[in-house]
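Chain and residue survey
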Amino acid sequence: MTSGPAHPINPLVADVGSPPIPEAQAWTGRYDGSYGPLINLSQAVPGNAPHRELLERMAAIAGTAAGSQYGPINGDAPLKAAYAADLSRIYEGRIEPEDIAVTAGCNMAFFAAMMLLAHRNEAVLLPTPWYFNHQMTLDMLGIEPRPLPCRAENGFVPRIEDAEALIDEKVRAIVLVTPNNPTGAVYPAHVIESFAQLCARREIYLVIDETYRDFLPPGMNRAHGLFTRDDWRSTVIQLYSFSKSYAIPGHRTGAITADVALIEQIAKILDCIQICPPRTAQGALPWAIDGLRDWREDNRAEINRRAQVFQDALAPLPEWTIDSVGAYFAYLRHPFSGVKAQQVAEKLATERGVLCLPGSYFGPGQEGHLRVAIANVSADVLSGLTDRFRGLSI
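We now turn to the structure provided with this report. (Residues numbered from 1 in each chain as written. Predicted model: local features only at pLDDT ≥ 70, side-chain atom pairs only at ≥ 80, totals over all residues. Heavy atoms only, no water.)

**Regarding the side chain of R388**
What counts, and what does not: Every helix listed is a DSSP run of H or I at least four residues long, and every strand listed is a run of E at least two residues long, numbered separately from the N terminus. Burial classes: relative accessible area under 20% of the type maximum marks a residue as buried, over 50% as exposed, and values in between as partly exposed (1.4 Å probe, protein chains only). The sign given to each residue is positive for Lys and Arg and negative for Asp and Glu; His and the chain ends receive no count. Salt-bridge detection follows one rule: a side-chain nitrogen of Lys or Arg within 4 Å of a carboxyl oxygen of Asp or Glu. Residues are treated as being in contact if the distance between any of their heavy atoms lies within 4.5 Å.
Tracing the sequence through the fold places R388 in helix α15 (residues 385-389). Of the side chains with opposite charge, D387 lies nearest to the buried R388, which makes no salt bridge, at 7.9 Å. Contacts of R388, omitting those with residues within four sequence positions, involve Y31, Y35, G36, P37, I39, L348, R352, G353 and V354.

Structure, rendered in structure tokens:
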């Protein structure tokens with residue numbers, strides 16, 4: 001038997017729900033294996049191992065005394081220089097190493113950015129369906145996560161007019177996530193640029209989370225042209241994850257890109273919550289940014305292939321509707337009208353051995369959907385989903 005804390009704790013933490021993925025993973029203990037091995041499509045985990053040479057370089061760095069020491073609060077200079085140069089190349093803009101802070105994963109980048117921009121009883125517009133850790137972060141900080149609706153009929157792309165109507169004196173930032181978690185939607189560049197103009201006009205920040213930037217559709221090499229403008233620094237904060245792009249999520253490596261004056265302020269936050277980002281991956285990534293460019297392109301092609309395989313697997317089952325798919329995710333409308341998403345997801349896990357996350361984990365109004373993390377498993381496994389979904393009854 002467990003009990004709660006003996007004494008009162010911060011209600012902003014206590015009132016936040018527990019991390020949802022472990023809850024969903026617990027359902028799989030009731031699966032009897034009758035449809036074959038469990039297929040875990042719950043968490044955005046790279047389905048491939050890191051490149052062999054990257055592993056070798058990290059192993060060498062981890063074996064040195066220097067690799068075990070503290071580093072700079074905002075990250076090691078070689079990584080910041082290599083990453084700034086890569087951003088400048090991709091976005092055809094001018095981004096300096098001083099505009100970069102390396103973080104222990106993109107979740108920490110988001111946490112630090114929100115702590116910087118808003119305080120208790122202020123608000124941030126968060127596109128719904130939202131990434132649940134974004135909502136949890138804002139709730140714990142006492143910041144209102146104000147839902148910015150993204151509708152299936154609009155391809156889950158937010159609309160400027162909806163955002164404009166939600167901005168009042170409490171709003172300090174708008175968050176965009178593209179390619180999106182949980183829907184996989186890729187926002188058109190003109191939409192992103194219109195949001196930047198809105199934020200500049202209303203004197204708030206645009207925080208754009210590009211965790212899945214390196215898995216854009218073929219022929220689309222950047223999500224927007226914001227960095228081509230000299231005035232990006234007054235409005236834009238970009239977040240990124242090395243974890244997904246280099247298949248090293250356990251090494252917790254992300255980045256914030258913003259004007260140097262903001263980065264100097266973020267350093268105060270990072271000094272308290274991370275001291276410095278983990279050193280091992282930082283030592284190897286400056287080589288990997290250029291050295292593994294072709295490898296990343298191959299992974300991008302494979303992830304996009306898996307998206308197509310998933311669509312092909314569900315095609316014989318028109319009652320299951322793929323409302324959006326891209327990068328790591330598909331957002332799947334289930335066929336059971338009036339049934340809660342968690343009930344559907346639990347049934348799939350316990351009876352068919354397919355673990356997806358219910359849409360209810362991703363904000364209000366999502367009971368009709370499941371999120372499918374298509375990057376987790378091979379195309380061969382995805383192609384076998386037809387029989388797992390066929391004939392499911394509630």
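Now that the structure has been shown, the text picks up again.
**Here we look at the sheet that holds strand β2 (residues 100-103)**
Note the cut-off: Strands were regarded as paired on the criterion that DSSP finds at least two bridges between them. Under this scheme, a helix contributes an axis fitted over its contacting stretch, all axes are lines through C-alpha atoms, and angles between N-to-C directions fall in the 0 to 180 degree range.
One open sheet holds the 7 strands; their spatial order is β2-β8-β7-β6-β5-β3-β4, and the pairing between them is mixed. The sheet terminates laterally at β2 and β4 (144-149), the two strands that pair on one side only. Ignoring strand direction, the axes of neighbouring strands in this sheet form an average angle of 25°. The pairing of strand β7 (residues 236-241) with strand β8 (residues 254-257) spans 4 bridges and is antiparallel. If you follow L239 over to β8, its bridge partner there is I256. Against the sheet, helix α6 (residues 132-140) contacts β3 (123-128), β4, β5 (171-177) and β6 (205-209), and its axis sits at roughly 160° relative to β3.

**Section: unusual backbone geometry**
Here the residue pair T128 and P129 is connected by a cis peptide bond, since its omega of 5° sits within 30 degrees of zero. Summarising the element assignment, P129 is placed in the loop between β3 and α6. T178 connects to P179 through a cis peptide bond whose omega is -15°. Tracing the chain through its elements places P179 in the loop between β5 and α8 (189-202). Of note in the backbone geometry, R252 takes a positive phi value of approximately 45° without being a glycine. Tracing the backbone through its elements, the reader meets R252 in the loop between α9 (242-245) and β8. Classification of R252 by relative accessible area gives partly exposed; the value is 32%. Its identity is not glycine, yet I275 carries a phi of approximately 65°, on the positive side.

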